[in-house]
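Here's the letter readout for the chains.
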Amino acid sequence: MKKLSSILTLTIAICLTSCVGNAKGEYLPIRNNQFWNTADGQPIYSQGGGIFKFPDPQTGEEKYYWYGVHYREAELYREDPSVTHQRNHFMGVTCYSSTDFVNWTSEGHVLTPEEVNKNGWPTWVGRMGVAYLPEIKKYALLVQHGQNVLICLGDSPTGQFTQHRHIDMTDRIGTPNTGDQTVFTDEDTGKSYLIYSYGRGRNKIYVSEIGVKDGMVDLLDCVQIFKGSSREGNCLFKYKGRYYMCASNIYGWDCSFAYYLVADNIYGPYTPTNNMQVMPGCEQDFAHVTQTGFFYTIKGTKQDLVLYCGDRWAEFAGNGLGYNQWLPLTFEGEENTPRFNSVSHWELNATTGEWRVGADNNYILNPSFEADRNAIPSNRKPVQLQLMAWTSEVITGNKIANFDPHSPQLNYFNTQEDRKVVVGEKALCLHDTIPFSRRVWQVVKSRPNIPLEKGTYTLSAMVRTEGALTSATMYVGTTDENSSQMKIHTHEKSFNLTPTNGEWVRVEIPSFTVQSDSIEVGFRAEGEADARLLVDDVEMKKK
């Protein structure tokens, strides 16, 4: 049985200010889709937070402090990712410190359940950040607490933080709570801001400077910068003097497109007015199966690099492994349009701010089919006809269609037993209620900043067969416009057609050559009514 809870010691090389003795720096790996550890092998639990730069209270040396919420369910899911959890239990706000973003040290829980709940019953705690306030020489932690914004104060970045006040937001925005929130610190001005949405419907976004008023930490202003479609995961970054407001759809714990607006002033106006744009590059796998979490900008010797630090709420959505997915953004054209770069393995030179695709990168998008939150075709938000990044073609059988009860379902919902072997709640499904023949494929091609290099690759997948299949094949192919068939299948792997009785098996095309900047990978199946081919965890990697 394959053990799903892959453990990776977090060795993320983001030495933002000092790679001692090496002006050129070096490239070191970031691996997504895995659970992360501290340098001494302890699990990292940090969701819905942010990273901030503060001086170490003992040495005065600047360190990077990563804050986030630790939920009991994150522990349980890491131990057994075959179970998705329905409730959340707050265990504390964690803090991890680092001088180089390579080795993270746990500073423990800097805000405890006992402190949060000392004046009431346990309730929701999440979406937080920390700001330093020189007027009172205190660190302020702002976090959602039930129906209010809770502000806690500490004497150092590592706390302990204690309750200072609750803010009822009703007089400011019309609801007592914020919808979602993060803290953004503008390093050019030293000012910090709360970025948040309207508490009901989340169709408005606001910016408030964090400061001191009448001796109390407060939100000094309240400026609405967006009104339109509902958005959550509200966060902000700054690049070349411009402010980028970002957010996700309101899909509960599930993943979403990453949206953005841009302005020359933090208070706006943000354009296009009230019309958030989908960030190019995130469209085919819903931002690497995440929601917008927060951003961090590395100021390198050759370029600034903005990191997208996405939240994957896997313990509550069952949508894969790893809670923190960090990915590089790039910028295009005179307008510096941000581009999302979806990679499972990449390498960062934090000295120069440069990055490159890692040798172990999986070139398949939506490889475990977790980007699709509903049964597909889906008549519910988001309305979808096809699986994300994949195309299904009916050769014979019922037509794929929305609002048609006879349409085949393109994905399968894994059982708990399935999930002890394969990743996540979903899998690809080739099935029909009548005899059928179907093909499902993805064209893997060079993307901006992610070249598909010439060379030798492997293709593998987990598969399961059921019922009277007459053929089942995984293939790699190329496109030839002069061919009447259009597709030339250069490598194929046929499966054992004997029903596997619920057992998953790994199939592989161990070696094939890529000679151009695109190649097609796919699956074909033919069978009698109610036969089924299930596919999960597809990987295409360079040898």
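### Overview of the environment of G467
Line of reasoning, step 1. Tracing the sequence through the fold places G467 in the loop between strand 31 (455–466) and strand 32 (469–479).
Line of reasoning, step 2. It is 35 Å that separates the C-alpha atoms of G467 and S256, two residues lying 211 residues apart in sequence.
Line of reasoning, step 3. Not counting the four nearest positions on each side in its chain, G467 is found in contact with L497, P499 and A531.

### Observations concerning the pattern of salt bridges
Line of reasoning, step 1. Tallied over the entire structure, the rule returns 33 salt bridges.
Line of reasoning, step 2. When the shortest N-O distance is used, the salt bridge between D186 and K238 registers 3.2 Å. Within this pair, whereas D186 is found in the loop between strand 12 (178–185) and strand 13 (192–198), its partner K238 is found in strand 17 (residues 232–239), the two being separated by 52 residues in sequence. Here D186 matches K238 in class, with each residue buried.
Line of reasoning, step 3. For the salt bridge of R373 with D254, the shortest nitrogen-to-oxygen distance reads 3.4 Å. Here the residue R373 occupies a position in the loop between strand 26 (354–357) and strand 27 (391–396), and D254 occupies one in the loop between strand 18 (242–248) and strand 19 (259–263), the gap between them amounting to 119 residues.
Line of reasoning, step 4. Look at R373 and you get buried, because its relative accessible area is 18%.

### Some details on the confidence of the model for the protein
Line of reasoning, step 1. Across the protein, the average pLDDT comes to 92, with 93% of residues at 70 or higher.
Line of reasoning, step 2. pLDDT under 50 marks residues 1–22. Its contacts with residues more than four places away, or in other chains, come to 75 contacts.
Line of reasoning, step 3. The low-confidence segment residues 481–486 (pLDDT under 50) makes 5 contacts with residues lying over four places distant or belonging to another chain.

### Concerning the pairing of strand 5 (residues 62–71)
Line of reasoning, step 1. By the criterion of burial, strand 5 is predominantly enclosed, with 9 of the 10 residues buried.
Line of reasoning, step 2. With antiparallel pairing between neighbouring strands as the criterion, strand 4 (residues 47–55) and strand 5 make up a hairpin whose turn holds 6 residues, including G60 at a positive phi of roughly 80 degrees.
Line of reasoning, step 3. Alignment of strand 5 against strand 6 (residues 90–98), held across 8 bridges, turns out to be antiparallel. Across the sheet, the residue bridging to Y67 is C95, located in strand 6.

### Comments concerning the packing of aromatic side chains
Line of reasoning, step 1. Throughout the structure, instances matching the rule amount to 38 aromatic pairs.
Line of reasoning, step 2. With a centroid separation of 6.4 Å and an interplanar angle of 70 degrees, the aromatic rings of Y251 and F286 are classed as edge-to-face. Remark: F286 occurs in helix 4 (residues 286–289) and Y251 occurs in the loop between strand 18 and strand 19; sequence separation between them is 35 residues. Each member of the pair, Y251 together with F286, is buried.
Line of reasoning, step 3. With a centroid separation of 5.6 Å and 75 degrees between ring planes, the pair formed by F295 and Y308 is classed as edge-to-face. Of this pair, F295 sits in strand 21 (residues 291–299) while Y308 sits in strand 22 (residues 304–311), and the two are 13 residues apart along the sequence.

### Things to note about the state of the cysteines
Line of reasoning, step 1. Taken as a whole, this structure holds 0 disulfides when the rule is applied.
Line of reasoning, step 2. Free of any disulfide, C309 has its nearest neighbouring cysteine sulfur in C235, separated by 9.3 Å.

### Observations concerning empty space enclosed by the protein
Line of reasoning, step 1. Following the criterion strictly, the structure yields 1 cavity of 30 Å³ or more and no others.
Line of reasoning, step 2. Empty space within the largest cavity amounts to approximately 40 Å³.
Line of reasoning, step 3. When its residues are assigned to classes, the lining of the largest cavity shows 4 nonpolar, 3 polar and no charged.

### Some words on the sheet that holds strand 26
Line of reasoning, step 1. The 3 strands lie next to each other as 2-25-26, forming an open sheet whose pairing is antiparallel. Among the strands making up the open sheet, the edge pair consists of strand 2 (28–31) and strand 26. Adjacent strand axes in the sheet meet at a mean angle of 30 degrees when their direction is disregarded.
Line of reasoning, step 2. The pairing of strand 25 (residues 345–349) with strand 26 spans 4 bridges and is classified as antiparallel. Across the sheet, residue L348 finds its bridge partner in strand 26, namely W355.

### Quick look at the side chain of T292
Line of reasoning, step 1. Inspection of the secondary structure assignment puts T292 in strand 21.
Line of reasoning, step 2. T292 sits in the buried class, given a relative accessible area of 0%.
Line of reasoning, step 3. Of note is the side chain of T292, whose polar atom sits 2.7 Å from the backbone oxygen of G233.

### Looking at the sheet that holds strand 17
Within a sheet, neighbouring strands are paired by backbone hydrogen bonds and run either parallel or antiparallel to one another.
Line of reasoning, step 1. Strand order in the open sheet formed by 4 strands is 17-18-19-20, and the pairing between neighbours is antiparallel. Unpaired on one side and paired on the other, strand 17 and strand 20 (277–278) mark the two borders of the sheet.
Line of reasoning, step 2. Inspection of the sheet shows strand 19 paired to strand 20 by 2 bridges, in the antiparallel sense. Across the sheet, residue Y259 finds its bridge partner in strand 20, namely V278.

### A closer look at the pairing of strand 24 (residues 337–340)
Line of reasoning, step 1. Alignment of strand 23 (residues 324–332) against strand 24, held across 4 bridges, turns out to be antiparallel. Counted as the bridge partner of F331 is P338 from strand 24.

### Some remarks on unusual backbone geometry
Generally, phi is negative for residues other than glycine and the peptide bonds are trans, each holding for most cases.
Line of reasoning, step 1. The peptide bond linking I376 to P377 adopts the cis configuration, its omega dihedral lying at 5 degrees.
Line of reasoning, step 2. As for its placement among the helices and strands, P377 is situated in the loop between strand 26 and strand 27.
Line of reasoning, step 3. A cis amide bond links K381 with the next residue in sequence, P382, at an omega value of -10 degrees.
Line of reasoning, step 4. Backbone geometry at D214 places phi at a positive 55 degrees, although glycine is not the residue there.
Line of reasoning, step 5. A residue is classified by how much of its surface remains accessible, and D214, at 74% relative accessible area, is exposed.
Line of reasoning, step 6. Despite not being glycine, N449 shows a phi value in the positive range, around 75 degrees.
Line of reasoning, step 7. When you line up the elements, N449 lands in the loop between strand 30 (436–445) and strand 31.

### Here we look at the environment of S230
Line of reasoning, step 1. With respect to the helices, strands and loops of the structure, S230 is situated in the loop between strand 16 (223–227) and strand 17.
Line of reasoning, step 2. A C-alpha to C-alpha distance of 4.0 Å links S230 and N203, two positions 27 residues apart in sequence.
Line of reasoning, step 3. Those residues in contact with S230 that lie beyond four places of it in its chain are G201, R202, N203, S248, N249 and I250.
Line of reasoning, step 4. Within the structure, the side chain of S230 is placed 2.5 Å from the backbone oxygen of G201, a separation counted as a polar contact.

Conventions we followed
- Residues numbered from 1 in each chain as written.
- Predicted model: local features only at pLDDT ≥ 70, side-chain atom pairs only at ≥ 80, totals over all residues.
- Heavy atoms only, no water.
- Helix = DSSP H or I, 4+ residues; strand = E, 2+ residues; numbered from the N terminus.
- Contact = heavy atoms within 4.5 Å.
- Salt bridge = Lys/Arg side-chain N within 4 Å of Asp/Glu carboxyl O.
- Buried < 20%, exposed > 50% of the residue type's maximum accessible area, 1.4 Å probe, protein only.
- pLDDT = per-residue confidence, 0-100.
- Pairing = 2+ DSSP bridges.
- Phe/Tyr/Trp six-rings, centres within 6.5 Å; stacked < 30°, edge-to-face > 60°.
- Disulfide = S-S within 2.5 Å.
- 1 Å grid on protein atoms, 1.4 Å probe; cavity = no way out; pocket = protein on both sides within 12 Å on 5 of 7 lines; lining within 4 Å.
- Points joined across faces, edges and corners; volume = space filled by probe spheres on them.
- Nonpolar A, V, L, I, M, F, W, Y, C, P; charged D, E, K, R; others polar.
- Axes fitted to C-alpha atoms, helices over the stretch in contact; angles between N-to-C directions.
- Polar contact = N/O pair within 3.5 Å; in protein donor to acceptor, adjacent residues only side chain to side chain.

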